[in-house]
Amino acid sequence: MMAGRSAPAPPSAAISQYVLKVHSRCDLSCDHCYVYEHVDQTWRGRPREMAAATLDAAAARIAEHATARDLPVVHVVLHGGEPLLLGPARMRQILNGLRTVIDPVAPLDLRLQTNGVRLDPAFCDLFVEYDVKVGVSLDGDRVANDRHRRFANGASSHDPVRQALALLRRPEYRASYAGILCTVDVANDPEAVYAALLAEEPPRIDLLLPHHTWDHPPVRPGGSPTPYADWLGRIYRRWVNDGRPVSIRLFDALCPGGTPAGTEAVGLGPADLLVVETDGTWEQTDSLKVAYDGAAGTGRTVFDHTVDEAARHPGVATRQTGLAGLSSICQSCPVVARCGGGLYAHRYRSGAGFDNPSVYCADLRKLISIIDRHPPGSAPTVDRAAAPRPPGEIPPPRRSPDRPDAEPVPLDVERILDDLAGGGGGPESIAFLVDAELAIVRALLAASRDATAPGPGWDLLVDLDTTAPATLRTVLRHPFLRPRLTSLLSGPRQPGSRSPEPDPVAALAAAAAVRAGISAEVQVPVAGGEVFLPTLGAFWMPSTGIDTVVLTVRPGGFRLLAGSEPYDVRLDEPAGWPSGWRPTRRSGLPGHEVIIEDLDPARDCYGQSVRERLAERPAADLVETVTEAWRLAERDVPRHATAMRVGMRAVVPLDTSPTGALRSATARAAFGAVAVGPVADPETLAVLLVHEWQHSKLGAVLDLYDLVEPGSPVRLSVPWRPDPRPAEGVLQGAYAHLAIAEVWHARAVADRPADRTAATHADRFHRWTGEALDELAASRSLTAAGDRFVAGLGRALAGLVRG
Ligand code: SF4
């Protein structure tokens, strides 16, 4: 090793965007403001105004960097607090200082972001004179705006802000009008917000997702999995229908081939922004203030450090590494090139830092799918998915989290839809659905943290996400976690009453810790006399009257302390189990965990009566039947069986039907689980499993894509029921019947003695599928993606005839 000379610090990427906090206080008191209302409170110790010497030093640093890097343009935004609190005289000094120092070395794009309430002709004259572009914050119509943007005394800011916008629309000031910044609140009516913003004739609109982290997640009213995508999607559709009358930066950036330049909210572009606070400290992007106190700090100042030295701060440098700086989940995401992992601040979680997907991951995925379905420049019902792909748009390769050693396979959402329509769906497509459903579960889990007081187990859960991610992922994939969380977030049914759902976090964390063999102790709630540990089993203690137990992980199992009574469970030693322990049963499929779920209370989500815990003999019979049925599915329809192997997690026993009819079911929220009534015959059960698995897959597709126009009133005739059905139900039926036709077709071709009726069944399901597809194709109720999907089903059906 060489000694004596330290290596020069590596160069940072060039920085061309700067936010100068020229005033640290504000005359509004918006309750969603990230400067004053979040965990970072550093503003309290800072000067109210940026002093002249500080401004001079900042301008000199920026000019020095622009010269050294030969920057073609420098962007400076004057910000606060509220910058207009400076008054016109001090504002003139600042504008003059910046133009004098920076303009000679690089063209200066000078902007100002204001709440607008003090904007007057004197300021506007100044902004015209110094060529300053002014952005104004407005959250929409009066109701939407006044939901958060109020004066400290509660008075509305709507009228003064609209007066400011009217001023900027005047011909003499129009050149200084940069646009409107609107923070999203899903409680507002998106159409009303859009109309109100458009009425102000802004050159550009910025729609900002409210700043939240995994520690403080966004609200998800009623447990809705993707309320922000749904809200933004409505505006997006209106915007496309209207012919995109104004630039909306988020949509422009997320569109295929869009340019995310200028926004850190999405995309893989390197961080290109530094902030100067009123005291001259260099800071990272302002939104980091929502993460933790001091999160945006760099420890550098304009007096002592160059721009390069500030940009070498690890927080800035990490955001300059593009894809490599993202979490492994984002790196394997098919839409990462457009999403970019979301805003850096939105990835934060205590313990794991920023090495996570965005807390808006599920929404971002869905919003991108909505945009793909209504690409700009097309009529709203024309899907780019149906058009030939322009060259060079294949997203980067991905690795499936379920197959980390597999070679990366190029994948994109259009191919996924085609793949799923054309057959069982390859492992990559199913892994995509699994990831999408996991993103929803994680979002709901985070939302539940705020909806209920964070209970015991959160710290352990967060820790396991880092120390045992694969094991935690297995537990989070338990199909009934989403219905449980949705129920929890739907809140009390009666005002003042408690939610019927206990917080599942402690039990989740405990189950994952036990499975990973990680030493831990956690308090777990007892609900209905039972402690349920997802994927492991349940401890039945109805007579104790205890409402929590302490679970301690021990080698090969765990100890439950109920009051002073200890119960030890070694998972691999059934002989020593205490009498209350009811283990989860599994099918006998080698290398693949499919649970026979007869314990989880949340499994009761099918609108049909589920069976209580099975006795030993019927349970053993069911395990045997499921295992054999699975083997038959592999024999008859291997592509479907492969897809089931990647995605299916549980079989739920249903009660006998009162009519004696054979029953099976899926629930949209319980991806990966199928429910079946009593059936002794593996050949029949194989058909039911394949059938219901189709519904489960299609449900996950529908979580991402509208295949039927939302709200379509169309009802269609189907050959398998006497009553007309909604188009989405017909699509579900066609998709399931196609797979059943495949099973019977395979059996007919094999011509086994036991399958003499196979050809008849194959013909019937083939005909039913074809008739349903014809109805759908003629219904005018499908979206463009739906048209594409139905066309794919038609091709698969035609291929079946040829086979
Ligand atoms: S959609 Fe989610 S996983 Fe994909 S890049 Fe964005 S945040 Fe990451």
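Since this is a predicted model, take the numbers as computed values, not measurements.

Asker: Residue-level account of the overall build of the protein, with values.
Answerer: Summing up its helical and strand segments, the protein has 25 helices and 24 strands in all. With 803 residues in all, the protein has 56% of them scored as buried. The long-range share in the protein, meaning contacts at least 24 apart out of those at least 6 apart in sequence, stands at 69%. On the protein, roughly 31700 Å² of surface is accessible, and the fraction owed to carbon and sulfur atoms is 54%.

Asker: Residues and numbers for the pairing of strand S15 (residues 557-562), please.
Answerer: The pairing of strand S14 (residues 548-554) with S15 spans five bridges and is antiparallel. Within S15, the residue paired with Thr552 across the bridge is Arg559. Hairpin connection, S14 to S15: the antiparallel pair is bridged by two residues, and Gly556 has positive phi, about 75°. Two strands pair when backbone bridges link them, and S15 and strand S16 (residues 565-570) are joined in this way by six bridges, in the antiparallel orientation. What sits directly across from Gly557, in S16, is Arg570. What sits between the antiparallel neighbours S15 and S16 is a turn of two residues, in which Gly563 has the positive phi angle 65°.

Asker: With reference to specific residues and values, describe the site of the ligand.
Answerer: Lining the immediate surroundings of the ligand are Cys330, Cys333, Val335, Val336, Cys339, Gly341, Pro357, Ser358, Cys361 and Arg365. Of all elements in the fold, only helix H12 (336-339) and helix H13 (361-373) reach the threshold of two or more residues within the shell around the ligand. Residues belonging to the shell around the ligand are distributed by class as follows: seven nonpolar, two polar and one charged.

Asker: Could you give an account of empty space enclosed by the protein, with specific residues and numbers?
Answerer: Which parts of space are left empty comes out when a probe the size of a water molecule is rolled across the atoms. A complete count under the given rule lists nine cavities of 30 Å³ or more for this structure. Considered as a void within the structure, the largest cavity measures approximately 140 Å³ in volume. Lining the largest cavity are 15 residues, and of these Glu437, Val441, Leu476, Arg477 and Phe671 sit closest to its centre. The leading source of residues in the lining of the largest cavity is helix H15 (residues 427-451), at four residues.

Asker: Quick rundown of the side chain of Thr114? Include the residues and the values.
Answerer: Considering the arrangement of structural elements, one finds Thr114 in strand S3 (residues 108-114). If sequence neighbours within four positions are ignored, Thr114 has contacts with Glu82, Leu84, Val134, Gly135, Val136 and Ser137.

Asker: Account for helix H6 (residues 190-199), naming residues and giving values.
Answerer: Residues separated by three or four positions in an α-helix point in the same direction, a consequence of the helix having 3.6 residues per turn. What H6 keeps buried is the set Pro190, Val193, Tyr194, Ala196 and Leu197. For H6, the angular spread of the buried residues around the axis is 165°, confining them to a single face. Tucked into the core, H6 has its buried residues touching helix H4 (142-146), strand S5 (177-183), strand S6 (204-208), helix H7 (227-241) and strand S7 (247-248). Of the residues flanking the start of H6, the one acting as N-cap is Asp189, its side-chain oxygen 2.9 Å from the backbone nitrogen of Glu191.

Asker: Tell me about the sheet that holds S3, residues and numbers included.
Answerer: Adjacent strands of a sheet pair through backbone hydrogen bonds, lying either parallel or antiparallel. Spatially, S7-S6-S5-S4-S3-S2-S1-S8-S9-S10 is the arrangement adopted by the ten strands of the open sheet, whose pairing is mixed. For this open sheet the edge positions go to S7 and strand S10 (297-301), each flanked by a neighbour on one side alone. Where strand S8 (residues 273-276) and strand S9 (residues 281-283) come together, two bridges link them in antiparallel fashion. Directly across from Val275, in S9, lies its bridge partner Glu283. Sheet contacts for H6: S5, S6 and S7; angle to S5, the most-contacted strand, approximately 165°.

Asker: For the confidence of the model for the protein, give the residues involved together with the corresponding values.
Answerer: Mean pLDDT over the protein: 85, with 88% of residues reaching 70 or higher. Here residues 379-411 is a poorly scored stretch, pLDDT under 50, and it has 71 contacts once near neighbours within four places are set aside; other chains count. Low pLDDT, under 50, characterises residues 493-499; the stretch is placed with eight contacts to residues that sit more than four places away or in other chains.

Asker: Summarise the sheet that holds strand S17 (residues 581-583); cite the residues concerned and give the values.
Answerer: Strand order in the open sheet formed by three strands is S12-S13-S17, with antiparallel pairing between adjacent strands. At either margin of the open sheet sits one strand with a lone partner, and together these are strand S12 (530-533) and S17. On average, each strand axis in the sheet is tilted by 15° relative to the strand beside it, whichever way the strands run. Bridging between S12 and strand S13 (residues 537-540) involves four bridges; their strand directions are antiparallel. Looking at S13, one finds that Val531 is bridged to Phe539.

Asker: How would you summarise the packing of helix H1 (residues 52-68) against helix H2 (residues 87-102) if you had to cite specific residues and measurements?
Answerer: For the pair H1 and H2, interaxial distance at closest approach is 9 Å and the crossing angle is 25°. Considered as vectors, H1 and H2 are oriented roughly parallel to each other. Considering the relative orientation of H1 and H2, their crossing is right-handed. Of H2, the residues touching H1 (which contributes Ala52, Leu55, Ala59, Ala60, Ile62 and Ala63) are Arg90, Ile94, Leu98, Val101 and Ile102. Split by residue class, the contact of H1 with H2 holds ten nonpolar, no polar and one charged.

Asker: Describe in detail the environment of Ala777, supporting the description with residues and values.
Answerer: Tracing the chain through its elements places Ala777 in helix H24 (residues 758-778). Taking relative accessible area as the criterion, Ala777 reaches 53% and is therefore assigned exposed. Residues Ala777 and Ala791, 14 residues apart in the sequence, show an inter-C-alpha distance of 8.2 Å.

Asker: Run through the nonpolar core, naming residues and quoting values.
Answerer: Of all hydrophobic cores here, the largest spans 97 residues; its most connected members are Val76, Leu98 and Phe251. No other element matches H7, which puts eight residues into this core.

Asker: Which residues make up the pattern of salt bridges, and what values do they have?
Answerer: Within this structure, the stated rule accounts for 49 salt bridges. Close ionic contact of Asp363 with Arg220 constitutes a salt bridge, the shortest N to O distance being 2.8 Å. Linking Asp363 in helix H13 with Arg220 in the loop between S6 and H7, this pair joins segments that are 143 residues apart in sequence. For the pair Asp363 and Arg220, one class covers both residues: buried. Between Asp723 and Arg725 there is a salt bridge, with the nearest N and O atoms lying 3.3 Å from each other. Taken together, the shared-partner salt bridges connect Glu437, Arg482, Arg668, Asp703 and Glu728 into one network.

Asker: Which residues make up the packing of aromatic side chains, and what are the values?
Answerer: Per the stated rule, a full pass over the model turns up 17 aromatic pairs. For the ring pair Tyr344 and Phe354, a centre distance of 4.3 Å and an interplane angle of 10° mean the geometry is stacked. You can see Tyr344 sitting in the loop between H12 and H13 and its partner Phe354 sitting in the loop between H12 and H13, a full ten residues away along the chain. Overall, the relative accessible area of 10% leaves Tyr344 in the buried class. Residue Phe354 is classed as buried on the basis of its relative accessible area of 16%. Seen from their ring centres, Tyr735 and Phe789 are 5.4 Å apart, and the 55° between their planes marks the pair as tilted. Of this pair, Tyr735 sits in helix H23 (residues 727-750) while Phe789 sits in helix H25 (residues 784-802); the two residues are 54 residues apart in sequence, bridging distant segments of the chain. A single burial state applies to Tyr735 and to Phe789, both of which are buried. An aromatic cluster is present here, built from Tyr292, Tyr344, Tyr348 and Phe354 joined pairwise through their rings. Stacked on the ring of Trp744, the Lys or Arg Arg747 has its end atom at 4.9 Å from the ring centre. The positively charged end of Arg764 is found above the aromatic ring belonging to Trp768, 5.5 Å away from the centroid.

What counts as what
- Residues take numbers from 1 onward in each chain, read along the sequence in its written order.
- The predicted origin of the model limits local features to residues at a pLDDT of at least 70 and limits the giving and counting of side-chain atom pairs to 80 or more, whereas totals for whole chains, interfaces and linings rest on all residues.
- As a rule here, side-chain values cover all heavy atoms of the structure and leave hydrogens and water aside.
- Here a helix means four or more residues in a row that DSSP labels H or I, a strand means two or more in a row labelled E, and each is numbered from the N terminus.
- Exposure is judged per residue with a 1.4 Å probe applied to protein chains only, and the accessible area is read against the type maximum: over 50% gives exposed, under 20% gives buried, and values in between give partly exposed.
- Here a residue-residue contact requires only that any non-hydrogen atoms of the pair lie within 4.5 Å.
- Values of accessible area rely on a 1.4 Å probe in the Shrake-Rupley scheme; residue burial ignores everything except the protein chains shown.
- Only strands joined by at least two bridges in the DSSP assignment are considered to pair.
- Nearness is defined per residue: one heavy atom within 4 Å of the molecule or strand is enough.
- Lys, Arg, Asp and Glu make up the charged group, whereas Ala, Val, Leu, Ile, Met, Phe, Trp, Tyr, Cys and Pro make up the nonpolar group; the residues left over, Gly among them, are polar.
- Of the grid points, spaced at 1 Å and generated over the protein atoms alone, those admitting a 1.4 Å probe that cannot get out make up cavities, while open sets with protein on both sides within 12 Å along at least five of seven lines make up pockets; any residue with an atom within 4 Å of a point is treated as lining.
- Grid points are joined across faces, edges and corners, and a volume is the space filled by probe spheres set on the points.
- The reported arc concerns the directions from the helix axis to the C-beta atoms and nothing else.
- Think of a polar contact as two N or O atoms within 3.5 Å of one another; within protein, one of them needs to be a possible hydrogen donor and the other a possible acceptor, and neighboring residues in sequence only count if both atoms come from side chains.
- Only the stretch in contact is used when fitting a helix axis, every axis being a line fitted to C-alpha atoms; angles between N-to-C directions are given from 0 to 180 degrees.
- Residue-level confidence of the predictor is summarised by pLDDT, bounded by 0 at the bottom and 100 at the top.
- With respect to orientation, any angle under 35 degrees is reported as roughly parallel, any angle over 145 as roughly antiparallel, any angle of 65 to 115 as roughly perpendicular, and every other angle as oblique.
- Note on convention: near helix rotated counterclockwise from far helix by under a right angle means a left-handed crossing. Clockwise means right-handed.
- Here, the term nonpolar core denotes a set of buried Ala, Val, Leu, Ile, Met, Phe, Trp, Tyr and Cys residues that are joined through side-chain atoms within 4.5 Å.
- Basic side-chain nitrogens of Lys or Arg form a salt bridge, by our definition, when they fall within 4 Å of a carboxyl oxygen of Asp or Glu.
- Pairing of aromatic rings covers Phe, Tyr and Trp, the last counted by its six-membered ring, and requires centre-to-centre distances within 6.5 Å; plane angles under 30 degrees mean stacked, over 60 mean edge-to-face, and any other angle means tilted.
- Geometrically, a charge over a ring is one whose NZ (Lys) or CZ (Arg) sits within 6 Å of the ring centre while staying within 35 degrees of the ring normal.

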